[in-house]
Amino acid sequence: MAQSVQGKGPSHIGIRLSNSAPASHREEARTQAEEALFGFWIFLMSDLIIFSMLFVTYATMGHSLAGGPGPHELFDLSSAAWETVALLASSFTCGLATLAMRYDRSLAKTLLWFAITLFLGLVFLSLELHDFMTMASKGGVPSRSGWLSASWALIATHGLHVTSGCIWMLIMFVQAAKFGLDPLVQTRFMRLALFWHFLDIIWIGIFSIVYLLGVLS
Amino acid sequence: MIIQLWVSIRQREALSVSAGDPWNGRTLEWSVAAPPSEYNFALIPQIDCVDAFHESKKHRDAWRAPEHYFDIELPSNTPVGFVCCVASGVFGFALTWHIWWAVLLGAVVFFGAIILRSFNRTTSHIIPAAEVRKTEERWLLTLRETGFIENEAMFTTANNGLVREPV
């Protein structure tokens, strides 16, 4: 590991080319990677605006139950806690995947950690789907009240993001198998990792504000 | 519009203004050939005033050949934008009118096109400096062979894209 850290390469953003590549190629790859990652940060910030609006809508709808079921009847805190565990663990394994990509340069190791990340993502999604079905069976459908519309919109938007992240991961497996860990595949994995960590942060907001505040207050 | 297309195509030769400056323009888009080359400018123009092309014509240093030519990288043509446009249109229309098979079709084509595109590794191409030089020199030769016309002849077929300068 220490040996590969010493290698001169565009490493500060997590992309590493083989040291045998000519300097001009490394420079070009670094510029392209920086541009791609910067663009992706802008996308993430615009996504953050969407989630902010959904959070604000949720906050203003806090008491708009319209006589329908509320958080005490609908939310299962232990299920939400397991979802949190799955997603936090997946963020950790996602971090290990990027470290394996950057320092070990091992395709097998990188893919293994991403596969575990995908598995945890799917665990999260199935728990969430189960939650949604429980909610609906108790009469907590989106059209029932303002509060329910706002919570479904917020939680399901996050769930859709996690679903796209899982599909993205599957596509990246195919690309990694086809192209190997070349600079483009690496920057795409880096962007996927950014996306995944971002969704984790959003989930912490949802867990604290929607579930914890809803059930405990 | 149909009439315009009809006349433009039928009288293509007579109406062409290959020198590129048929209206004695002031701004940079008139300083290149008509139709312009794929890369537009052989060198990215450096300007230091409003109406730089007009100024350079006044000082008689417009249409100067660049000292060096460089390779130009351009994005390659792709149908993905058009495919996504149509597919998302179908998707939105079908959602509005509850045509579920078309919703699915639109979504699959839209996302499928983007996913397929992500496997394309050559999304740009390089025009070598030698080819840029050839294109530019051919145009500069045309420019030299084109006679100036007076302002009054601007709207006639005598206009080949070069108008006498009002100094």
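What you are looking at is a predicted structure, and each value in this text was computed from that prediction instead of being measured.

### Focus on the overall build of chain A
Here's step 1: Broken down by element type, chain A carries seven helices and zero strands.
Here's step 2: In chain A, the order of α-helices and β-strands from amino to carboxyl end is α-α-α-α-α-α-α.
Here's step 3: Dimensions of chain A, computed from the C-alpha atoms along their principal axes, are close to 70 × 30 × 30 Å.
Here's step 4: Counting across all 217 residues of chain A, residues that qualify as buried make up 47%.
Here's step 5: In chain A, once contacts between residues fewer than 6 apart in sequence are set aside, the share between residues at least 24 apart is 77%.
Here's step 6: A total of about 10,500 Å² of accessible surface is found on chain A, and carbon and sulfur atoms cover 72% of it.
Here's step 7: Positive and negative charge centroids in chain A, built from 12 and 13 side chains respectively, lie 10 Å apart.

### Some words on the nonpolar core
Here's step 1: F114(A), L154(A), F189(A), I206(A), V210(A) and Y211(A) are the most contacted members of the largest nonpolar core, which has 50 residues in total.
Here's step 2: Counting residues per element, the ones that place at least two in this core are α2 (23-60), α4 (77-104), α5 (107-137), α6 (146-179) and α7 (183-216) of chain A.
Here's step 3: Broken down by element, the residue count for this core peaks at 16 residues, all from α7(A).
Here's step 4: In contact with Y211(A), not counting residues within four places along its chain, are F75(A), L77(A), A80(A), D131(A), I155(A), W203(A) and I206(A).
Here's step 5: Listed in part, the 14 residues of the second largest apolar core include A33(B), Y39(B), A42(B) and L143(B).

### Looking at the environment of I2(B)
All names here are of chain B.
Here's step 1: You can see I2 is positioned in helix α1 (residues 2-10).
Here's step 2: According to the relative accessible area criterion, I2 is exposed, its value standing at 70%.
Here's step 3: Measuring from C-alpha to C-alpha, the distance between I2 and R12 comes to 15 Å, with ten residues separating the pair along the chain.

### A short note on the packing of α5(A) against α7(A)
All names here are of chain A.
Here's step 1: It is at 13 Å that the axes of α5 and α7 come closest, and there the two elements cross at 30 degrees. The angle between α5 and α7 places the two elements in the roughly parallel class. Where α5 crosses over α7, the handedness of that crossing is left-handed. Contact with α5, carried on its side by L111, F114, T117, G121, F124, E128 and D131, involves F189, L192, W196, W203 and Y211 of α7 and no other residues of that element.
Here's step 2: Residues that form the contact of α5 with α7 fall into these classes: eight nonpolar, two polar and two charged.

### A word on the pattern of salt bridges
All names here are of chain B.
Here's step 1: Tallied over the full model, the rule gives six salt bridges over all chains.
Here's step 2: Note that R133 is salt-bridged to E137, the shortest N-O span being 3.2 Å. Taken together, the positions of R133 and E137, both in helix α6 (residues 129-145) and four residues apart, correspond to about one turn of that helix.
Here's step 3: Assessed through its relative accessible area of 37%, R133 is described here as partly exposed.
Here's step 4: Since its relative accessible area comes to 39%, E137 is described here as partly exposed.

### Description of unusual backbone geometry
All names here are of chain B.
Here's step 1: Cis peptide bonds are those with omega within 30 degrees of zero, and the linkage from A34 to P35 qualifies with -5 degrees.
Here's step 2: Assignment of secondary structure puts P35 in the loop between α2 (12-15) and α3 (52-58).
Here's step 3: Its identity is not glycine, yet N24 carries a phi of approximately 55 degrees, on the positive side.
Here's step 4: Among the secondary structure elements, N24 is positioned in the loop between α2 and α3.
Here's step 5: At W63, a position not held by glycine, the phi torsion is positive, near 55 degrees.

### Considering helix α4 (residues 80-96) of chain B
Residue and element names in this part refer to chain B.
Here's step 1: With 17 residues, α4 should reach 24 Å at 1.5 Å per residue; the first-to-last C-alpha distance of 24 Å fits that figure.
Here's step 2: Here α4 has its buried residues at C84, A87 and A94. Buried residues of α4, viewed axially, fall in a sector of 105 degrees; they line one side. Those residues of α4 that are exposed and aimed more than 90 degrees away from the buried face are F82, C85, F93 and T96.
Here's step 3: Taken together, the buried residues of α4 touch α5 (100-117).
Here's step 4: Positioned one or two residues after α4, H98 has a phi angle of 55 degrees, which is positive.

Criteria and thresholds
Residues numbered from 1 in each chain as written. Chains lettered and ligands numbered in written order. Predicted model: local features only at pLDDT ≥ 70, side-chain atom pairs only at ≥ 80, totals over all residues. Heavy atoms only, no water. Helix = DSSP H or I, 4+ residues; strand = E, 2+ residues; numbered from the N terminus. Buried < 20%, exposed > 50% of the residue type's maximum accessible area, 1.4 Å probe, protein only. Contact = heavy atoms within 4.5 Å. Areas by Shrake-Rupley, 256 points an atom, 1.4 Å probe, with all protein chains shown as cover. Lys, Arg positive; Asp, Glu negative; His and termini not counted. Charge placed at Lys NZ, Arg CZ, Asp CG, Glu CD. Core = buried A, V, L, I, M, F, W, Y, C linked by side-chain atoms within 4.5 Å. Axes fitted to C-alpha atoms, helices over the stretch in contact; angles between N-to-C directions. Parallel < 35°, antiparallel > 145°, perpendicular 65-115°, else oblique. Left-handed = near helix turned anticlockwise from the far one by under 90°. Nonpolar A, V, L, I, M, F, W, Y, C, P; charged D, E, K, R; others polar. Salt bridge = Lys/Arg side-chain N within 4 Å of Asp/Glu carboxyl O. Expected span 1.5 Å × (residues − 1). Arc of directions from axis to C-beta.

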